[in-house]
Each structure stands twice: as structure tokens, then as C-alpha cells.
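Geometric and topological summary
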Amino acid sequence: MTTVGFLGVGGLAGLMLRGLQGAPYRFLLSPRGAEAAARLSADFGYEIAASNQDLVDRSDAIFVALPAATGAEDLSRLTFRPGQPVLSAMAGTGLARLAEVIGPAKAAIAMMPGYANAYRVGPSILHPQDDFWHAFLAHVGPIHVLDTEAQFTAAATFGALSGASVWWMAHLADWFAAKGLPPETARALVAGTLRGNAEVLLQEDRPLADIAKGVTTPGGITLQLLDFLNGKGALNAWHDGLDAVLKRISA
Ligand SMILES: NC(=O)c1ccc[n+]([C@@H]2O[C@H](COP(=O)([O-])OP(=O)(O)OC[C@H]3O[C@@H](n4cnc5c(N)ncnc54)[C@H](OP(=O)(O)O)[C@@H]3O)[C@@H](O)[C@H]2O)c1
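A brief report on the enclosed structure follows. (Residues numbered from 1 in each chain as written. Predicted model: local features only at pLDDT ≥ 70, side-chain atom pairs only at ≥ 80, totals over all residues.)

1. Observations concerning the site of the ligand
Contacts to the ligand come from 25 residues, most closely from Gly 10, Gly 33, Met 90, Ala 91 and Gly 114. Looking at the shell around the ligand, the elements that each hand over two or more residues are α1 (11–19) and α4 (71–76). At three residues, α1 tops the list of elements feeding residues into the shell around the ligand. (Near = placed C-beta within 6 Å. Helix = DSSP H or I, 4+ residues; strand = E, 2+ residues; numbered from the N terminus.)

2. Details of the sheet that holds strand β8 (residues 143–145)
Pairing is mixed across the open sheet formed by eight strands, whose spatial order is β3-β2-β1-β4-β5-β6-β7-β8. Both edges of this open sheet fall to β3 (47–48) and β8, since each of them pairs with a single strand only. Examined bridge by bridge, strand β6 (residues 106–111) and strand β7 (residues 124–127) share three bridges and lie antiparallel to one another. Looking at the pairing, Ile 109 lines up with His 127 of β7. (Pairing = 2+ DSSP bridges.)

3. A word on the pairing of strand β2 (residues 26–29)
One ladder, built from four bridges, connects strand β1 (residues 3–7) with β2; its direction is parallel. Directly across from Val 4, in β2, lies its bridge partner Phe 27. Remark: the β2/helix α2 (residues 34–44)/β3 crossover connection has right-handed handedness. (Right-handed = clockwise from strand over helix to strand, strands pointing away.)

4. Here's the deal with the packing of helix α9 (residues 158–178) against helix α10 (residues 183–203)
Where α9 meets α10, the axes come as close as 8 Å, and the angle between the chain directions of the two elements is 135 degrees. Relative to α10, α9 is oriented oblique. With respect to the hand of their crossing, α9 and α10 are arranged in right-handed fashion. Side by side, α9 and α10 meet where Met 169, Leu 172, Ala 173, Phe 176 and Ala 177 of the first sit next to Pro 183, Ala 186, Arg 187, Leu 189, Val 190, Ala 191 and Leu 194 of the second. Along the lines of polarity and charge, the residues of the contact of α9 with α10 split into 11 nonpolar, no polar and one charged. (Axes fitted to C-alpha atoms, helices over the stretch in contact; angles between N-to-C directions. Parallel < 35°, antiparallel > 145°, perpendicular 65-115°, else oblique. Left-handed = near helix turned anticlockwise from the far one by under 90°. Contact = placed C-beta atoms within 7 Å. Nonpolar A, V, L, I, M, F, W, Y, C, P; charged D, E, K, R; others polar.)

Okay, structure coming up:
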């Protein structure tokens, strides 16, 4: 069975490994972050490598979830085999930088939401197309392959959108709860509304603008809320925020 080494066993690795349960791989975990690695090892029986280099030596392929700020430097201290597939999910590490630090190995980059991947519904982006990593990521949600790195980097801002959307949903649920709804009803109402509308976008074969028009009664409450939000610059603020994130991860 193919062995996939997880370099960096923190939040993302734990979520991915949850989603990957039952997938046809053997997993090997890096030793640092000992508590999380030990928990995963106890929960799922995954083996812990003796060192990062031991992990690289014993893995057919390596999934990198090291801290974004220091991960590339950490990789540069390891020796990889020619053609060994290495997929980095580190925000802000581009393909050229990854290829530079892993030497003869085969670089690919990805981004995913994390939590939703534990439930196998989180979309991943991948660059460039790579059959091994495409099959691997397909176990935890749908995949979008981006042809150019510029497209990938722009798309990778969705990692921030994903996390921020959870805060947005929590904020909305708080409003409904403050109006007297039971918190679990507020939470289910917000999440169910967004999931329902997301399903419409995924399933309807109509332009987005038509769908948006279709849910907006002239003079109705949707328009009232939209006009209010636009008056505050709230929708444009999402674009401005994504621009700022893109600038940071493009650096
Ligand atoms: N969280 C997400 O949902 C998510 C989604 C997409 C992408 N990402 C990306 O995934 C990466 C990890 O994020 P995270 O949220 O999982 O961070 P995290 O929870 O801080 O996990 C990082 C792990 O890497 C370990 N580590 C640090 N230096 C190491 C080294 N030299 N060798 C081996 N392990 C080392 C840390 O151990 P210590 O605790 O001992 O320092 C920690 O366990 C980031 O680059 C982030 O951009 C995260």
C-alpha cells in the first residue's frame, strides 16, 4: 500500500486524516506536535516517524502541513528522492519556492478549507494537475485544478474566505439567538439557509445573475437588506479583504 507521510501534524493534518479514514493509503506522521501525533496514532493506528528525514525516507509521497512562516525553510533541510511527490498546503508557498526547497522531488501545491475536508465535502484546489494528488484529495471533497499559478494564488484566497465565512455564520446565528431563538435553532437556520442556497448554485445550470434576480422580489425584504448592506459597503468589503489576502499570499 502507498505510504503518505504527513509533515506537520497540527490542525489541518488532523482534519485531513479524519476525512482520509478508509482511503487506501498507509499514513506516517512527523514526530513534532507530539501530542496531536500521539492522539492520531492512538485513534487511528497511524505510525509516527522517528524524525522528519525518517518520514521522507519511508514515504512514497509527502503531504506538507508545516507552519506557513517556517515550513519552506524546514523542507530545505531535508533530502528528497528524485520524482517523489510532495504536496504543500502551506499558505503563501508558491510552486517555484517549493520546488527549490525539495530539490529533485516533484512539487505540487494545494489549498483546502480543512474542517469541511474532515466531512469529505471541502473543495481543494490543486496546481499543477497531478494524478497522484488528484486521487488523494478526491477522498476529502471536490477538486479544482488551476492551470496557472496566478489562477491558483487568486483561488487560494478562498482559504481565508472559508474561515471568515464560519465567523460570519456564527455572527448571524448570534443575531437570531439574541432575538430569542434557541441557539441550536439559530445555528441550524443559518447553516441550513446557506447550505440550501449553495446547493442551488451547484445544481442549477443558470447564470448566477439570473439566480440572484430570481430570489429578489422587487421592493421586497431581500432588496431592503441588500441596499442596506451596499450602503455600508459591506459586500465590497469582501472584495477589498480578499484583495488584501491575495497581496499577502502573492508576496
Ligand atoms: N488549518 C487549516 O484548516 C488549514 C487549511 C489549509 C491550509 N493550511 C496550512 O496548513 C499549514 C498548517 O496549518 P495548521 O493550522 O495545521 O497549523 P498548526 O496547527 O500550527 O500545525 C502545524 C504543525 O506543524 C508542526 N511543526 C512545526 N515545525 C515543524 C517541523 N520543523 N517539523 C515537523 N513539524 C513541525 C507544529 O508543531 P509544534 O506545535 O510543536 O510547533 C504543529 O503541530 C499552514 O501552512 C497553513 O497555511 C491550514
